[in-house]
Structures are given as structure tokens and as C-alpha cells.
Amino acid sequence: ALTQQEITSLYQGCGGSVTSSITPQGNTTFCAGNSVVLNATNGTGYTYQWSLNGNAISGATLSALTATQAGNYNVSIGSGGCFYPSNSINITVNTLPNVSLNGLPNFLNYFAPPVQVTAMPNGGITTGSGYSNGVFTPSIAGLGLKKIQYQYTDNNGCVQTRNTVISCNSVQTTYQIYTMCESDF
């Protein structure tokens, strides 16, 4: 659909012409949190108005636009009172995978038996002090702050990470020494 400016330009009988096109600087399919720069035809005295899905993007009036949202982008280039619509570029933004790291209680005695840790979805990589083969062992982790990290990459190449910090502290009483691990989410 043409904008009012484009319709007016057509009826005014513009003398020249501008080859209005968009060139992406990178992949037009990417993961959430990333972007691609779209470049319009550049020229002296040109004006620009970018649109997403047919709606003007407020403030998007330069020859380049950083696209972060999914949809169809195009630009209308103004020259000599006439407006020239560009081709449309489709941007696809893949969502990040939903990742979880479960099984660590808020408090865990330093001398407690190993605890089963569940990282989802399957297929990622879990690392951290005291963690091995799906199990967290407080006495192996030792005292201090210990980070357990789960990183998963989906079929689109999108990466999501979940971190859990375990704080292992020693508390002395008159009768015994207790060491506790606290999971800080």
C-alpha cells in the first residue's frame, strides 16, 4: 500500500528517479537480543522514512536502521519532493530457548550427601565447582562462592545460560562447627 506522500509524488509527476533499495549488513534471521543493520540507497539531499509492517517507525529518518524486531521493513526515500518506496526485507527473530537449572535447595549442609541437579532442556553443558555428571557435591565444591552454569544451544543456534551461585559458609558454635551451602538465585 502506498502512503499519502507516495501517492502525492506520483500525481506531481516527479522528474527524476531514485533506485530505492535496502541492503542488510548481515543475516536477516537471528536470535533475540541481536540485530542487523539495514542500509538504504544513499544520496545527497535524500530524506528517509523507515516502516515496519507498513507502519512508519517514529524517528527512523536516517539512511541506516538497526532492526531488532521481526517483520517486514521498507524505506521511503524522498528526493526533490518525490518519494520512492524500496523493496521489503523480512527479518526473522528466533526466541531464546527456555532453560532451567533445578535441584539445589536454598540451604545445604556442607557434609550432606550429593544432590541431583536437573538441567533442562537436555543436551546442554553444565559446569561448576562441585558439579559432575548431574550431581552437586558440597564437600567437593568447598567453601566460598561457587557458580554452577548451564548453557544450551537450540537448533536455530540461539544460546541461553542459567547460573546458580552456591555460597558455602562455615559457622562455629560452642559445641560443633556447621558448614552450610546456600543457593543464591
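Preceding block: the structure.
Report follows, based on the coordinates. (Residues numbered from 1 in each chain as written. Predicted model: local features only at pLDDT ≥ 70, side-chain atom pairs only at ≥ 80, totals over all residues. Heavy atoms only, no water.)

**Quick look at the overall build of the protein**
Quick reminder of the rule: Secondary structure follows DSSP: runs of H or I at least 4 residues long count as helices, runs of E at least 2 residues long count as strands, and numbering of each begins at the N terminus. Every residue pair with non-hydrogen atoms within 4.5 Å of one another is taken to be in contact. The Shrake-Rupley method, run with a 1.4 Å probe sphere, supplies the accessible areas, and residue values consider only the shown protein chains as cover.
In terms of regular secondary structure, the protein is built from two helices and 19 strands. A separation threshold of at least 6 residues defines the contact pool for the protein, and within that pool the share at least 24 residues apart is 49%. In the form shown here, the protein has an accessible surface area of approximately 10,800 Å², with 49% of it arising from carbon and sulfur atoms.

**Focus on the state of the cysteines**
Where we set the bar: Any pair of cysteine sulfurs within 2.5 Å is marked as a disulfide. Accessibility here uses a 1.4 Å probe with only protein chains present; expressed as a share of the type maximum, an area under 20% marks a residue as buried, one over 50% as exposed, and anything in between as partly exposed.
Throughout the structure, instances matching the rule amount to one disulfide. Disulfide partner of Cys31: Cys158, at an S-S distance of 2.1 Å. Measuring handedness by torsion sign, the sulfur bridge of Cys31 and Cys158 sits at about -95° and is left-handed. Taken together, the residues span a long stretch of sequence, with Cys31 in strand E2 (residues 29-31) and Cys158 in the loop between strand E17 (144-153) and strand E18 (159-172) at a distance of 127 residues. For Cys158, a relative accessible area of 0% corresponds to the buried category.

**Section: the sheet that holds strand E12 (residues 115-116)**
What counts, and what does not: Strands pair, by our definition, only if DSSP identifies at least two bridges between them.
Strand order across the open sheet formed by three strands is E12-E16-E15, with antiparallel pairing between neighbours. Every other strand in the sheet has two partners, leaving E12 and strand E15 (131-132) as the edge strands with one partner each.

**Considerations on the environment of Gly128**
Note that Gly128 resides in strand E14 (residues 125-128). Sequence separation between Gly128 and Val165 is 37 residues, and the spatial gap between their C-alpha atoms is 9.5 Å. What Gly128 contacts, discounting residues up to four positions off in sequence, is Lys147 and Ile148.

**Side note on the sheet that holds strand E3 (residues 36-40)**
Sheet strands associate in pairs through backbone hydrogen bonding, adopting either a parallel or an antiparallel arrangement. Where we set the bar: Angular values range over 0 to 180 degrees, each being the angle between N-to-C directions of two axes fitted as lines to C-alpha atoms, with helices fitted over their stretch in contact.
On the basis of which strands lie adjacent, the open sheet formed by three strands has the order E1-E3-E6 and antiparallel pairing. What marks the edges here is a single partner per strand, and that holds for strand E1 (22-25) and strand E6 (64-67). Each neighbouring strand pair of the sheet contributes to a mean axis angle of 25°, computed without reference to strand direction. Bridging between E3 and E6 involves four bridges; their strand directions are antiparallel.

**Looking at the environment of Asn27**
Checked against the element boundaries, Asn27 lands in the loop between E1 and E2. In sequence terms Asn27 and Ile91 are 64 residues apart; their C-alpha atoms lie 8.7 Å from each other.

**Some points on the nonpolar core**
What counts here: Here, nonpolar core refers to any group of buried Ala, Val, Leu, Ile, Met, Phe, Trp, Tyr and Cys residues whose side-chain atoms link them within 4.5 Å.
Grouped together as the largest cluster of nonpolar side chains are 19 residues, with contacts concentrated most on Leu38, Trp50, Tyr73, Val75 and Ile91. Taken together, the elements giving at least two residues each to this core come down to E3, strand E4 (47-52), E6, strand E7 (71-79), strand E8 (82-85) and strand E9 (89-94). Setting aside anything within four residues of it in sequence, one finds Tyr73 in contact with Ile22, Leu38, Ser51, Leu52, Ile57, Leu65, Ala67, Thr68, Asn87, Ser88, Ile89 and Ile91. In terms of nonpolar packing, the next biggest core, distinct from the first, is built from 15 residues, Leu108, Val115, Phe136 and Ala141 among them.

**Notes on the packing of aromatic side chains**
The criterion, for reference: Centres within 6.5 Å make a pair out of two Phe, Tyr or Trp rings, where for Trp the six-membered ring is used; the pair is then stacked when the planes are under 30 degrees apart, edge-to-face when over 60, and tilted otherwise.
Evaluated as defined, the whole model comprises one aromatic pair. Taking 6.5 Å as the distance between ring centres and 65° as the angle between the ring planes, the aromatic pair formed by Tyr46 and Tyr48 counts as edge-to-face. Its relative accessible area of 22% is what places Tyr46 among the partly exposed residues.

**Thoughts on unusual backbone geometry**
Geometrically, the link from Met120 to Pro121 is a cis peptide bond, its omega value of -5° lying close to zero. Relative to the elements of secondary structure, Pro121 occurs in the loop between strand E13 (118-120) and E14. Positive phi values are uncommon outside glycine, yet Asn53 reaches one of about 55°. Note on placement: Asn53 falls in the loop between E4 and strand E5 (55-56).

**Quick notes on the environment of Leu96**
Position of Leu96 among the secondary structure elements: in the loop between E9 and strand E10 (100-102). For the pair Leu96 and Thr153, spaced 57 residues apart in the sequence, the C-alpha separation amounts to 8.9 Å. If sequence neighbours within four positions are ignored, Leu96 has contacts with Cys31, Ala32, Cys158, Val159 and Gln160.

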